[in-house]
Amino acid sequence: MYRNTYALIDTKKIYENVKYVVNNYQYDYYIGVVKNNAYNHGINTINSMIKGGINYLAVSSLDEALQIRKAYSKIPVLVLEPIDLKYIDQCDYYNITVTVENLKYVKELVEIKLNKGINIHFKVDSGMNRLGFNNATELKQAYDLLNKNKKLNLEGIYSHFATSGLNDEYYKNQIETFKKTTSTIDLAKIPMIHLDRSITLINNEKIPFCNACRFGMLMYGVSGKKPVLGRKQKLKDSVKKILGKEIKYPAVLPLNPAFELYTEVMSVRKVKSGEYIGYATYKAETDIYIATLPIGYADGVDLSFKYVFINGNYCEILADTMDMIIVKVSPKVKIGDKVEIIGKNIPLLKVCENTRLNSYHLFNKITNRVARKYK
Ligand SMILES: Cc1ncc(COP(=O)(O)O)c(C=O)c1O
């Protein structure tokens, strides 16, 4: 790492976040969702997840699964999207769990000669209309076909919720849809059943027939945020109460984000009133001091972050370019001073508020060009 711009990942926090979930929500299987390089925290964090109690992993593609398999030889890895049958030998060899989401795929899969055999999880479409079985008869046919094949083991069945269940009826509909679609098979015979993701897990009663849950965001330290209620919302809430509807606010768990982002001052200068900054997108109204920082929108950081923190002061971002941003500083700031972009003084959720991004988008916005350091 030759550029002093880095994300600092606190693996102890990841361990503690996982441990908190494992201690407070009772399941047999805790599936850690580590797609896109563990939500950009880096797959080095998986050790801390396993120590905390994660006993299964989930990713989005075979590429991601194989990358993890190189570093972690034992833990089961589920690929959440269908894998081209051309590459199914890789799953056989490297023990990668395959998602099956339609009957056609099963019909072709059972014709392939396998060596060790493959674990399969069925995916059911409970309301997202994205992936999954949505027909009970077809699901039963797929189930029967798999059962006849000794090299294919139906280890799990799952679905992905479209909504949080906080104040929506659709959440319950989705559970009903799942039950209906799986009514043709005996769920009790399937070792793993998982529907929940982070937000549904912590905001709803446990689904009685589930013995596994998948979660990403909770591991990385984001649960929910206490809402700040404006007058309008308070009024809406009182109307709902009068109508006898309970209003649920998101659970806020004692978790801590593990992701911080830093850079350093690369150059400083004084700019006179009337001069332009960057691609002439900002004009100084008075004489000011500015600092150039080696991080830009190619790293995921742009004007929408609003400010950074240098030597005890918040410094407004005046211009963004592909590789550098320019901030307004005090005359005392000098080359090499540490710059916080996400951290103690600018917490992750504050950055979400400033950028108007949710934590999913924010984590995925910080690109792989930014080096990762591990605490
Ligand atoms: C199928 C599936 N399951 C689980 C998750 C984990 O979601 P969360 O980070 O909210 O727990 C995701 C995330 O996108 C997903 O696509």
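Residues numbered from 1 in each chain as written. Predicted model: local features only at pLDDT ≥ 70, side-chain atom pairs only at ≥ 80, totals over all residues. Heavy atoms only, no water.

Caption draft 1: View of the pattern of salt bridges. Inspection of every chain in the model, using the stated rule, returns 13 salt bridges. Ionic pairing is found between Lys 375 and Asp 10, a salt bridge with its closest N-O pair at 3.7 Å. You can see Lys 375 sitting in the segment after strand 19 (371-374) and its partner Asp 10 sitting in the loop between strand 1 (6-9) and helix 1 (11-24), a full 365 residues away along the chain. Under the relative-accessibility criterion, Lys 375 is labelled exposed at 52%. Judged by relative accessible area, which is 11%, Asp 10 ranks as buried. A salt bridge links Asp 337 to Lys 334; the shortest N-O distance between them is 3.1 Å. (Salt bridge = Lys/Arg side-chain N within 4 Å of Asp/Glu carboxyl O. Helix = DSSP H or I, 4+ residues; strand = E, 2+ residues; numbered from the N terminus. Buried < 20%, exposed > 50% of the residue type's maximum accessible area, 1.4 Å probe, protein only.)

Caption draft 2: Expanded view of helix 4 (residues 62-71). Taken as a whole, helix 4 has its buried residues at Leu 62, Glu 64, Ala 65, Ile 68 and Arg 69. The arc that holds the buried residues of helix 4, viewed along the axis, is 155 degrees, so those residues lie on one side. Turned more than 90 degrees from where helix 4 packs its buried face, Asp 63, Lys 70 and Ala 71 sit exposed. Those residues of helix 4 hidden inside the fold are in contact with helix 2 (35-39), helix 3 (46-52), strand 3 (56-59), strand 4 (77-79), helix 5 (88-94) and strand 5 (96-100). (Arc of directions from axis to C-beta. Contact = heavy atoms within 4.5 Å.)

Caption draft 3: Looking closely at the sheet that holds strand 16 (residues 313-320). Pairing is mixed across the open sheet formed by 9 strands, whose spatial order is 11-14-17-16-15-18-10-1-19. Here the strands that pair on one side only, and so sit at the sheet edges, are strand 11 (267-271) and strand 19. Along the sheet, successive strands turn relative to each other by an average axial angle of 35 degrees, direction set aside. In this structure, strand 10 (residues 259-264) lies alongside strand 18 (residues 338-342), joined through 4 bridges in antiparallel fashion. Of the residues in strand 18, the one forming a bridge with Thr 263 is Val 339. (Pairing = 2+ DSSP bridges. Axes fitted to C-alpha atoms, helices over the stretch in contact; angles between N-to-C directions.)

Caption draft 4: Main features of the packing of aromatic side chains. Enumeration according to the criterion identifies 12 aromatic pairs in this entry. A centroid spacing of 6.2 Å and a plane angle of 50 degrees characterise the contact between Tyr 39 and Tyr 360, whose relative ring orientation is tilted. With Tyr 39 in helix 2 and Tyr 360 in helix 13 (residues 359-365), the pair connects residues that are 321 residues apart, well separated along the chain. Following the ring pairs from residue to residue traces out a cluster consisting of Tyr 39, Tyr 220, Phe 259, Tyr 360 and Phe 363. The ring of Tyr 27 has Lys 206 lying over it, and the distance from NZ or CZ to the ring centre is 4.7 Å. Lying across the ring of Tyr 6, Lys 373 places its NZ or CZ 3.9 Å from the centre. (Phe/Tyr/Trp six-rings, centres within 6.5 Å; stacked < 30°, edge-to-face > 60°. Lys NZ or Arg CZ within 6 Å of the ring centre and 35° of its normal.)

Caption draft 5: Structural context of the domain arrangement of the protein. One can read the domain layout of the protein as domain 1 (11-242) and domain 2 (259-374). The C-alpha centroid of domain 2 is placed 37 Å from the C-alpha centroid of domain 1. With 14 residues of domain 1 at the interface, the matching set in domain 2 holds 13 residues. Where domain 1 abuts domain 2, roughly 1200 Å² becomes buried across the two surfaces, and 54% of that area is made up of carbon and sulfur atoms. Its largest share of buried area at the contact with domain 2, domain 1 owes to Asn 40, His 41 and Met 217, together 42% of the area lost on that side. (Domains from an automatic or database assignment. Buried area = accessible area lost by both parts, 1.4 Å probe.)

Caption draft 6: Region of interest: the site of the ligand. Residues in contact with the ligand amount to 13 residues; listed here are only the nearest, Lys 35, Tyr 39, Ser 198, Arg 214 and Tyr 360. In the environment of the ligand, a nitrogen atom lies 2.8 Å from a nitrogen or oxygen atom belonging to the side chain of Arg 214. For the ligand, an oxygen atom lies 2.8 Å from a polar atom in the backbone of Met 217. Within the complex, the protein chains bury 92% of what would otherwise be the 400 Å² of accessible surface of the ligand. Elements with a contribution of two residues or more to the shell around the ligand: helix 2 and strand 9 (212-215). Taken together, the residues of the shell around the ligand break down into 6 nonpolar, 3 polar and 4 charged. (Near = heavy atom within 4 Å. Polar contact = N/O pair within 3.5 Å; in protein donor to acceptor, adjacent residues only side chain to side chain. Areas by Shrake-Rupley, 256 points an atom, 1.4 Å probe, with all protein chains shown as cover. Nonpolar A, V, L, I, M, F, W, Y, C, P; charged D, E, K, R; others polar.)

Caption draft 7: A look at the side chain of Asp 92. Within the secondary structure, Asp 92 sits in helix 5. Here the side chain of Asp 92 touches Lys 116 through a polar contact of 3.0 Å, landing on its backbone nitrogen. Polar contacts involving the side chain of Asp 92 include one to the main-chain amide nitrogen of Gly 117, which spans 2.8 Å.

Caption draft 8: Representation of the nonpolar core in the model. Counting 110 residues, the largest nonpolar core has Val 34, Met 49, Ile 120, Phe 122, Leu 261, Val 308 and Val 327 as the members making the most contacts within it. When residues of this core are sorted by domain, at least three fall in each of domain 1 (11-242) and domain 2 (259-374). Excluding residues that lie within four positions of it along the chain, Val 327 makes contacts with Tyr 289, Ile 290, Ala 291, Leu 293, Val 308, Ile 310, Cys 315, Glu 316, Ile 317 and Leu 318. Of all hydrophobic cores here, the second largest spans 8 residues; its members include Ala 284, Ile 290, Leu 318 and Ile 326. (Core = buried A, V, L, I, M, F, W, Y, C linked by side-chain atoms within 4.5 Å.)

Caption draft 9: Structural detail: the pairing of strand 6 (residues 118-124). Taken across its 7 residues, strand 6 has 6 buried, putting it largely inside the fold. Bridge count for strand 5 against strand 6 is 3 bridges, and the pairing is parallel. Following the sheet pairing, Thr 99 is matched in strand 6 by His 121. In terms of handedness, the path from strand 5 via helix 6 (residues 103-109) over to strand 6 forms a crossover that is right-handed. The sheet contact formed by strand 6 and strand 7 (residues 152-159) spans 7 bridges and is parallel. Bridge pairing in strand 7 links Phe 122 to Ile 157. (Right-handed = clockwise from strand over helix to strand, strands pointing away.)

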